[in-house]
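Chain by chain, the residues run as shown.
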Amino acid sequence: MNKSFFARNPSVLIFIACLALFTLTVSVLADGFGAGVISTSFVKTLGKTLCLCLIAIAMDLVWGYCGILSLGHFAFFGLGGYMIGMWLMYARTELIVANSLAEAEIPPTAQEISDAIGNQIFGVVGGSDIPLIWSFADSLTIQLAFVVLVPGLLALVFGWLAFRSRVTGVYLSILTQAMTLALSLYLFQNESGLRGNNGLSGLQNLPGLDDVPQSTVSLWFFWASALALGLGYMLAAWVVSGKFGSVIRGIRDDEARVRFLGYSVEGYKLFVFTLTAVIAAIAGALYYPQAGIINPGEMAPIASIYLAVWVAIGGRGRLYGAVIGAALVSLLSTWFTGGQAPDIPLGFYTIQWVDWWLVLLGFSFVAVTLFAPRGIGGLFDLYTGRHAPNRHGADLGPDMGSLREKEADE
Amino acid sequence: MSTLLEVSGVSVTFDGFRAINNLSFQIADAELRAVIGPNGAGKTTFMDIVTGKTRPDEGRVLFGEKSVSLLRMSEAKIAQAGVGRKFQRPTVFEDQSVFDNLLMALKKDRKPWSVLFYRKSKRDTERVEELAEQIGLTEQIHRTSGELSHGQKQWLEIGMLLAQEPRLLLVDEPAAGMTLAEREQTTDILKEAAKTRAVVVVEHDMEFVRRLNCKVTVLHEGSVLAEGSLDHVTANQDVIDVYLGR
Amino acid sequence: MKNIFLALFVALLMTISPKSSQAETIQDILNTHEAAIAKGSRKTIEPAIAALRDSGLPEAQKILEIWQAKELWQRKADKAFFTAEKDSGSTYNLFDVVTGAAEGQADKKELKQIKPNSGVRGLIGAALVQFQLLDADIDKRREALVAIGRDPNASHLPALRGAIDGEPDPQIKAEKIRLERLLSVQYETDTEARITAIQSLKGDLGVDARAALNPLLATKRIAVLGEAEGNIARELEPGDDDFSQNEAYALLVNSGLAQPVPSSDDIRNALAANIDQGSVAGIPTAQLSNEETRLKAYNTLAENGIVPPAISAAEQRALVAAHKYFEVYDIADSRITDAAQDTLDSIELKVGMSQAIDLGLDGLSLASIYFLAAIGLAITFGVMGVINMAHGEFIMMGAYTGYVVQQIIPDYTLSIIVALPAAFAVTFAAGVAMERLVIRFLYNRPLETLLATFGISVALQQLAKNIFGTQARPLTSPAWLDGALTFNDVVSISYIRIAIFVLALVFLVLFLFIMKRTRLGLEVRAVTQNPRMASSMGINPDRINMLTFGLGSGIAGIAGVAIGLFAKVTSELGSDYIVQSFMTVVVGGVGNIWGTLAGAAMIGGLQKGIEWMNPSNTLAAQTYMIVFIIIFIQFRPKGIIALKGRAAGD
C-alpha cells in the first residue's frame, strides 16, 4: 500500500530520466564544452524552452487539475523576471559605474555612485532618481526572495479576492486577464519605476563575471532551468498524486460537491493559484536572464493565452502533456518565425511562414480543441489503454438527472 | 430523543416568488423522515437553506445540542459540522476511482495543508473498504466511478455521505431512475443509516416512501401542509387536494 | 515708451474730436510732416502717422499702404511726394500719390525713395488696422479682427474703439466690442475703465479672456529683510509645499542677500583642482569618498582663501529665517489685481462646471462606443453563454469592410451607407460559419470555446495583417460628420460621436425589439432557457443558435465601422476593445441588455473620470479602472443587474 512516490508514479521517473539525458546531450554538444555542435544561442533557446515547460506545468496544475483557466500566469512569470532583472541590471551598472568613477582623481561618495547608477539606468526614461522599489536591488538575496514573494503575494491577494466572491469559470478567466492587462499597462508607464516600455536589458551579463564567456553562462542557466523543471515536475506530480490531487480534481469537476463534502474550496484554489504563481515566477526568473531583456509587452494578456494554448495542445490534466505542448509549440514557433522554415511557393503566391505561422497555429489550435481535446498527451492513452469517460462540463441538468447516463446519451 | 435540527419561521423569496413561506421543521437524532410534496413545493430550496447554499430572508436554522445557527456558516463549515447532502442527480467524481471518491469523503482534517501531507493509514483503507461493502461496491472499488451504472453512482454518493459521518443526512430523490432491485437496496442503506443519525429523504415516489416506513412531512407552497405517518397524511383532505388538484 | 503713450493720447483726443482738420488735404498733411516722414525715425514718426490716420480723408489709407510698401518717393527739390516707376535708365516716371495722374519725370538722383524701417512699418500697420476695421468688405474686417486677436498691442486699442460705432454687422460689432474689452484689460491706462473692462469679462469662457486676465496676476517672488512693499499677493513661508528651504535660499542668493552655496559638484571640482601630491589640504585623496571628509578638506581650503567659503546648513537656515518672502504682483495697483482675481475666479467656476458637462458628454460617447462594441458580445456571451474571443476580430473585420467599400465607392456618404450593411453581412457570415464549424461542437464547454475562439482570433488577426499590411488604413467619415457641435468654448462634442451615440441607441432599441417583439426573439429566449423543451416545441435550436450568433457578430461588424471612423483601422483594432467589452458585459451583468448598458455607462464614465483626475496619463487611467473593476466584482460578482433566484444559482 505505502509504495514509494516514484513507484506509484512511474511517469515521473521516466520524465526525469528523459530530462537528464536531454540535459547531458545538450551539454556535451554545446559550445561551452568545445564540441560546438549546438550554438550558444540555441542553448539559450533550449534553456528558455525548459523555463516555458516549467510555467506550462504550473498552468497545467492550475487549469488542467484545478480547473481555473488563469489568463494571468504570464504576469507572474514576468514579475519574477523583473525581480531578478532588477538585481542583474543594478549590480552590473554599479560595477561599471564604480569602475568608471574609480578613475577620477577624487574617489566617489556613496551618493555620487548612486546618482550615477540612477542616471545610467533611468536616463532613458528621463529620470535619475532611483525609485523606492529599487531599494533592495543591490542585494541578490533579497531580490531572489522577491522573485517568490512579490508574485506570490499578488497571487494571494488577487486569488483571495476572486475566489472569495465565488467568481468561477469564464468570469475568472476574464478577471485574471484584466489583472494581467492592468499590470502590463502599469509597467508601461515610466512612473512605474521599471523603465516603462524600455523594460530591463542587458540581463544576460552576470555582474562581476564578465570574464566568463556567454557560452558557459548559457550552460549554467540551461542546467539551472533543467534542475528547476525537474524539481517543479516532481513537486507538481507529488501535489496531484495524493488526496490533495483528488480534491483539486474534484473541484475542477464539481466544485459544489466538494464544498458539500466539507472542503473549503476557496482555500484549495487559493493554495494552488499561489503555488503555481510562485512556480511561474521562478520559471520567469530563469527565463529572462537567458532572454537578456524584459519589457511589459511580455506580460500582455495574449502571452498567458498562448500558455493555455500550449497546455491544451500538449494535453491537460497530465503533467508531461504540458511539457510536451510547451516545448513543441514554442520551438516550432521559434523555427517558423525565425525565418528558418522553407517558404512554400504556390505559383501565384508564396507562403512565407513568418507571416503565416500564426494563422496555422490559430487554426491548428481550433483543430486540437475540436478533434483532440486531450491533446498530444492523449496519444499516450492509446498506448496505455487508459480511457476515462470524458464528461467534463457535460451537464446532466435537473431535467436529465433522473435518467440513466445511457439514456441521457441517447 | 433530542432535537437535532430546528428550522423555524424561514422564508425565502426569489424575484418576488415565495419559494419558502414561514417554514418550520424539526427532526430528532436518529430519525428517518420523508419529505414529499408536489413540484415547486420548496423541497430542494429547503435543503439549499439547511446546507448553506441559499440564505433565507428571515427565520432561524439551529443545529445540534448547542443549537448552532447554520445561517452564518459557509457550505464547507456546515458540512464539517455534520450535515451531509446528496443531490438530485448523482454527483460523484467521475474520473476518479470509487476508492478515491470514498477516501476524499472520509471524515478527516480538511485543511489544505494537512490534506497535502496526508498519507493514508491502514485504518483508513479498511474503513473505505468497509463503506464499499456497505453500499455494495466492493467489487468496483478500483474502477473509475464514471464507469458505474446510474444506481451504483447513487449508492457511491450515499457511501460518500456516510464516509463523512454526518449527524444529519439530506437525500434528494435517491430512487430516481433506479430499477426495482436497486430501490430495495437503497431503502435498506437509508434505513441502516438512520439507525445512527437523522436522515431526511425528499422523494416523489410514494411506493418508495411507503417502503421507508417512516414519518412523512408534506410540503406545499413553501410551508408544511401535514405531518405524520404516510397513511395519516394520505388521508388528509388538504394533501389529497394538493396532489389531485381541486 | 513715453512718446508712444503721448502719441496715443493725441490719437485718442483726435478720435474723440474727429473732423477737426476737415479743411486739410492729404498733401497738406504730407507737407506738414514732411521732415518726419523723410527721416523715418520711429521716435518722431508717430504724429505723422496719427495725422494721416485721423485725417478722416479717404485717401489716407492708400497713402499709408503705399508708404508701408516702400513705394513712396520724394522729390528732393520741393520735398513733394509721389509714387514712381522706372522709365528707362535712371529716369523715373512720377505719379500723384492720390490720383495716380502722371506728374512728369525725374532722374533718380533727384529723387529719394522713402524706406521706412520695420518699426515704422509696424506703426503704419497698426494705423492701417483702423481702416481695415472699417473696410467695406466684411471679410477684410473679420480678418483684421482675427489679426488683432492673434497679436494684440496697445496701438490697436484706439483704432478698435474708433471702429465700433460705424460697424453695420451686428455679429462683427459684438466681436469688436469683446476684443475692445480684452484689449482694455491689457492696455487701458485709466484704472477705472480698466477695472470695468476686467469685470465685464466675468463668466466669459473664452480662452482669450483667461489669456488676457492671467498676465495681470503675474507675480514674482521677493525676499526682504523687513516688510515688503508693493502689491503683495501672499506671504511665503519657507518649508511650504511650493516653497522649500532650498528655494528660499536660492531666492536670497538671487536677490544678492546671501552667498551661493557650493554644490557637491563644486566642492569636488574645487578639491580636484587643488590636489597637491596625492592629498588635498593635507587629507589624502583616497579618504575623500564621503561628504564629511570632503567638506572638511574644502573648509581648510576656504580658510586659506583658495576657495569661497562653504556655508553650513545651520548658517543657511539662519539666513533663511532672518528674511521674509512674498509673492508680489507685477501690477502695482491692487484694485486691478483684485478685480482680475475676482473675475478669474468666476470664470474658473463656470469653466469647471462646463468641464464637468463636457466630461459627462465624453463619458457618454465613450460609453456608447463600449456599448456598441459589447452589445454583440452580450448577445453571444450573455444570451448563449458562448465566449467569443474572436469578437474583437469581428469588429476589426467590420472596420476593414468599411475600408474596402471606400476603396470601391469614393463618395464618403454613399460608402458609409453601403458599408454598414456590408459589414453586417460579412461578419454575420463569418459568425455563422464559426458557429457551424466550431462553436456548436463546444456548447457546454465554455473554457474550451474560449480557447478555440482565441485560436480563431489569432489566425484572423494575422490574416488581416497579411492582407492589409501592418500600417493603419484610414476610414474617412463623410464631410457632414466632420466638425463638432459646440455649446461654448469648453463644451463641445464631435458629430461622429453623436452619430455613434445615436447608433448605440438604435441598436439598443433594435435589440429590445427583436428580443421582445419578434418570433425570433421569443425562440431565442426559449432556447436560452431550456433548449430541450424548446426543441420539443418545434423550435430548431441549431438554427436559433446560428442566427443569434450571426446577429451578435453582425452587430460587431457595424460597431467596427463606427469605431473605424474615429480610430485608425489596424489588425489590432479589435484587441484594443475586447477586454473592455468583456468588462462591460461582466460588470453589467450577464444575460441582460440593460446590464450591458449600465456596464458601458459605468466603464466609460469611470475611465473618463479617472482620466480627468489624472489627465496626463491614459495608461494609468486604464490601470486604475481595471483595478476598480476587480474590486467592484468583489461586491457584485454577478454584475450591476444580476439575475436572481435559482436561475442564477448554478
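Analysis parameters
- Residues numbered from 1 in each chain as written.
- Chains lettered and ligands numbered in written order.
- Predicted model: local features only at pLDDT ≥ 70, side-chain atom pairs only at ≥ 80, totals over all residues.
- Heavy atoms only, no water.
- Helix = DSSP H or I, 4+ residues; strand = E, 2+ residues; numbered from the N terminus.
- Rg over C-alpha atoms; globule rule 2.2 N^0.38 Å.
- Buried < 20%, exposed > 50% of the residue type's maximum accessible area, 1.4 Å probe, protein only.
- Areas by Shrake-Rupley, 256 points an atom, 1.4 Å probe, with all protein chains shown as cover.
- Contact = heavy atoms within 4.5 Å.
- Buried area = accessible area lost by both parts, 1.4 Å probe.
- Salt bridge = Lys/Arg side-chain N within 4 Å of Asp/Glu carboxyl O.
- Polar contact = N/O pair within 3.5 Å; in protein donor to acceptor, adjacent residues only side chain to side chain.
- Nonpolar A, V, L, I, M, F, W, Y, C, P; charged D, E, K, R; others polar.
- Axes fitted to C-alpha atoms, helices over the stretch in contact; angles between N-to-C directions.
- Parallel < 35°, antiparallel > 145°, perpendicular 65-115°, else oblique.
- Left-handed = near helix turned anticlockwise from the far one by under 90°.
- Pairing = 2+ DSSP bridges.
- Patch = residues over 30% accessible without salt bridge, like charges linked within 9 Å, V, L, I, M, F, W, Y side chains within 5 Å.
- Lys, Arg positive; Asp, Glu negative; His and termini not counted.
- Charge placed at Lys NZ, Arg CZ, Asp CG, Glu CD.
- Expected span 1.5 Å × (residues − 1).
- Arc of directions from axis to C-beta.
- Core = buried A, V, L, I, M, F, W, Y, C linked by side-chain atoms within 4.5 Å.
- Phe/Tyr/Trp six-rings, centres within 6.5 Å; stacked < 30°, edge-to-face > 60°.
- Lys NZ or Arg CZ within 6 Å of the ring centre and 35° of its normal.
- 1 Å grid on protein atoms, 1.4 Å probe; cavity = no way out; pocket = protein on both sides within 12 Å on 5 of 7 lines; lining within 4 Å.
- Points joined across faces, edges and corners; volume = space filled by probe spheres on them.

## Re the overall build of chain A
Part 1 of the argument: A tally of regular secondary structure across chain A gives 16 helices and four strands.
Part 2 of the argument: For 410 residues, the compact-globule estimate of 2.2 N^0.38 gives 22 Å, and chain A sits close to it at 23 Å.
Part 3 of the argument: Dimensions along the principal axes, computed over C-alpha positions, put chain A at roughly 90 × 55 × 55 Å.
Part 4 of the argument: Taken over 410 residues, chain A has a buried fraction of 54%.
Part 5 of the argument: Split by element, the accessible area of chain A, about 16,600 Å² in all, is 65% carbon and sulfur.

## Comments concerning the interface of chain C and chain A
Part 1 of the argument: Each partner contributes residues to the interface: chain C has 51 residues there, and chain A has 57 residues.
Part 2 of the argument: The largest per-residue losses of area from chain C upon contact with chain A belong to C:Leu447, C:Leu451 and C:Gln634, which jointly make up 13% of the total buried on that side.
Part 3 of the argument: Here chain C and chain A share three salt bridges between them.
Part 4 of the argument: With its nearest N and O atoms 2.6 Å apart, the salt bridge here joins C:Arg294 to A:Glu112.
Part 5 of the argument: Our enumeration of links across chain C and chain A arrives at five residue pairs in polar contact (both at pLDDT 80 or more).
Part 6 of the argument: Listing elements by their share of the side of chain C that touches chain A, those giving two or more residues are helix H13 (264-273), helix H14 (291-303), helix H19 (446-468), helix H24 (573-588) and helix H26 (618-635) of chain C.
Part 7 of the argument: Partitioned by chemical class, the residues of the side of chain C that touches chain A number 33 nonpolar, 12 polar and six charged.

## Some remarks on the packing of helix H6 (residues 140-164) of chain A against helix H11 (residues 265-291) of chain A
All names here are of chain A.
Part 1 of the argument: Running from amino to carboxyl end, H6 crosses H11 at an angle of 150°, the nearest separation of the two axes being 8 Å. The angle between H6 and H11 falls in the class roughly antiparallel. Here H6 runs over H11; the crossing is right-handed. Facing H6, whose interface residues are Val-147, Val-148, Pro-151, Gly-152, Ala-155, Leu-156, Phe-158, Gly-159, Trp-160, Phe-163 and Arg-164, H11 presents Glu-266, Lys-269, Leu-270, Phe-273, Thr-274, Ala-277, Val-278, Ala-281, Ile-282 and Ala-285.

## Structural notes on the pairing of strand S4 (residues 102-107) of chain C
All names here are of chain C.
Part 1 of the argument: Of the strand pairs in this sheet, strand S3 (residues 91-96) and S4 are connected by four bridges, and their pairing is antiparallel. Counterpart to Phe-95 in the pairing with S4 is Ala-102.
Part 2 of the argument: Between the end of S3 and the start of S4, which pair antiparallel, lie five residues, with Gly-100 showing a positive phi angle near 80°.

## Some thoughts on the sheet that holds strand S5 (residues 68-69) of chain B
Two modes of strand pairing occur in sheets, parallel and antiparallel, and in both the strands are linked by backbone hydrogen bonds.
Residue and element names in this part refer to chain B.
Part 1 of the argument: In spatial order, the strands read S2-S1-S4-S5; together these four strands make up an open sheet with antiparallel pairing. Edge positions in the sheet fall to strand S2 (17-28) and S5, since each of these pairs with one other strand and no more.
Part 2 of the argument: As defined by bridge partners, strand S4 (residues 58-63) adjoins S5 across two bridges and the pair is classed as antiparallel. Within the sheet, the bridge partner assigned to Phe-63 lies in S5 and is Val-68.

## Points about a negative patch on the surface
Part 1 of the argument: Together, C:Glu235, C:Glu237, C:Asp240 and C:Asp241 make up a negatively charged patch on the protein surface.
Part 2 of the argument: Tracing the chain through its elements places C:Asp240 in the loop between strand S7 (232-236) and helix H12 (245-254).

## Let's talk about the pairing of strand S9 (residues 215-220) of chain B
Residues and elements named next belong to chain B.
Part 1 of the argument: Across the six residues that make up S9, a large majority, five, are buried.
Part 2 of the argument: Sheet topology places strand S3 (residues 32-36) next to S9; four bridges connect them, and they run parallel. Bridge pairing in S9 links Arg-33 to Lys-215.
Part 3 of the argument: Here five bridges tie S9 to strand S10 (residues 223-228), and the two strands are oriented antiparallel to one another. Residue Thr-217 lies in a different strand from S10, and its bridge partner there is Glu-227.
Part 4 of the argument: Where S9 hands over to S10, the hairpin turn is made up of two residues, of which Glu-221 adopts a positive phi near 50°.

## Examining helix H7 (residues 180-193) of chain B
Along an α-helix, residues three or four apart share an orientation, since each turn contains 3.6 residues.
Residues and elements named next belong to chain B.
Part 1 of the argument: Taking 1.5 Å of rise per residue, the 14 residues of H7 would be expected to cover 20 Å, and the 20 Å separating its terminal C-alpha atoms lies within 8% of that figure.
Part 2 of the argument: Taken together, the buried positions of H7 are Glu-182, Arg-183, Thr-186, Thr-187, Ile-189, Leu-190 and Ala-193. Down the axis of H7, the smallest arc covering the buried residues is 165°, so these residues share one side. What points out from H7, more than 90 degrees from its buried face, is the exposed set Leu-180 and Ala-181.
Part 3 of the argument: Of the surrounding secondary structure, the elements contacted by the buried residues of H7 are helix H5 (122-134), helix H6 (150-163), strand S7 (168-172), strand S8 (198-202) and helix H8 (206-212).

## Re the pattern of salt bridges
For side chains of opposite charge, pairing can occur when their charged atoms come near one another.
All names here are of chain B.
Part 1 of the argument: All chains considered together, the criterion is met by 43 salt bridges over all chains.
Part 2 of the argument: In this structure, the salt-bridge partner of Lys-153 is Glu-94, at a minimum N-O distance of 3.4 Å. A residue pair is termed long-range when its members are at least 10 positions apart, and Lys-153 in helix H6 and Glu-94 in the loop between strand S6 (83-86) and helix H3 (98-105) qualify at 59 residues.
Part 3 of the argument: Under the relative-accessibility criterion, Lys-153 is labelled buried at 3%.

## Looking at the sheet that holds S8(B)
Residues and elements named next belong to chain B.
Part 1 of the argument: What the six strands build is an open sheet, ordered S6-S7-S8-S3-S9-S10; its pairing is mixed. The outermost strands of the open sheet, each flanked by one partner alone, are S6 and S10. Across the sheet, the mean angle from the axis of one strand to that of its neighbour is 20°, orientation sign disregarded.
Part 2 of the argument: The sheet strands contacting helix H1 (residues 43-51) are S3, S6, S7, S8 and S9, and the helix crosses S7 at an angle near 150°.

## Describing the environment of B:His150
Residue and element names in this part refer to chain B.
Part 1 of the argument: Inspection of the secondary structure puts His-150 in helix H6.
Part 2 of the argument: With relative accessibility at 6%, the residue His-150 sits in the buried group.
Part 3 of the argument: Separated by 90 residues in the primary sequence, His-150 and Ile-240 place their C-alpha atoms 32 Å from one another.

## Let's talk about the nonpolar core
Part 1 of the argument: Core analysis: the biggest nonpolar cluster contains 270 residues, and A:Trp63, A:Leu69, A:Phe74, A:Trp134, A:Phe244, B:Leu156 and B:Val199 have the highest contact counts within it.
Part 2 of the argument: In terms of residue count, helix H3 (residues 40-65) of chain A provides more of this core than any other element does, 16 residues in total.
Part 3 of the argument: Judged by nonpolar contacts, the second largest core, of 35 residues, contains C:Ile148, C:Leu182, C:Leu217 and C:Leu344.

## Examining unusual backbone geometry
Residues and elements named next belong to chain B.
Part 1 of the argument: Within the chain, Asn-22 stands out as a residue other than glycine whose phi angle is a positive 50°.
Part 2 of the argument: Here Asn-22 is to be found in strand S2.
Part 3 of the argument: With a phi angle near 45°, Ala-30 is a residue other than glycine that sits in the positive phi range.
Part 4 of the argument: A relative accessible area of 31% places Ala-30 in the partly exposed class.

## A closer look at the packing of aromatic side chains
Part 1 of the argument: Per the stated rule, a full pass over the model turns up 30 aromatic pairs over all chains.
Part 2 of the argument: Members of the aromatic cluster, connected to one another through ring pairs, are A:Trp238, A:Phe244, A:Tyr263, A:Tyr268, A:Phe271, B:Trp113 and B:Phe117.
Part 3 of the argument: Positioned over the ring face of A:Trp160 is A:Arg164, at 5.2 Å from the centre of the ring.
Part 4 of the argument: Its end group placed over the ring of B:Tyr118, A:Lys243 keeps NZ or CZ at 4.3 Å from the ring centre.

## A few points about the packing of helix H12 (residues 301-314) of chain A against helix H14 (residues 353-371) of chain A
All names here are of chain A.
Part 1 of the argument: Axis separation between H12 and H14 bottoms out at 10 Å; the angle between their running directions is 50°. Taken together, H12 and H14 sit at an angle that is classed as oblique. Two packed elements cross with a definite hand, and for H12 against H14 that hand is left-handed. When H12 is examined against H14, the residues Tyr-306, Val-309, Ala-312 and Ile-313 are found in contact with a partner set consisting of Leu-358, Leu-361, Phe-365 and Val-368.
Part 2 of the argument: Of the residues contributing to the contact of H12 with H14, the split by class is eight nonpolar, no polar and no charged.

## What about the layout of surface pockets?
Part 1 of the argument: Considered as a void within the structure, the second largest pocket measures approximately 900 Å³ in volume.
Part 2 of the argument: Lining the second largest pocket we find 39 residues, and of these A:Leu181, C:Glu572, C:Ser575, C:Asp576 and C:Tyr577 sit closest to its centre.
Part 3 of the argument: Considering every element that reaches the lining of the second largest pocket, the biggest residue donor is H24(C), with seven residues.
Part 4 of the argument: The residue makeup of the lining of the second largest pocket, split by class, is 19 nonpolar, 13 polar and seven charged.

So yeah, pure geometry; function would need other evidence.
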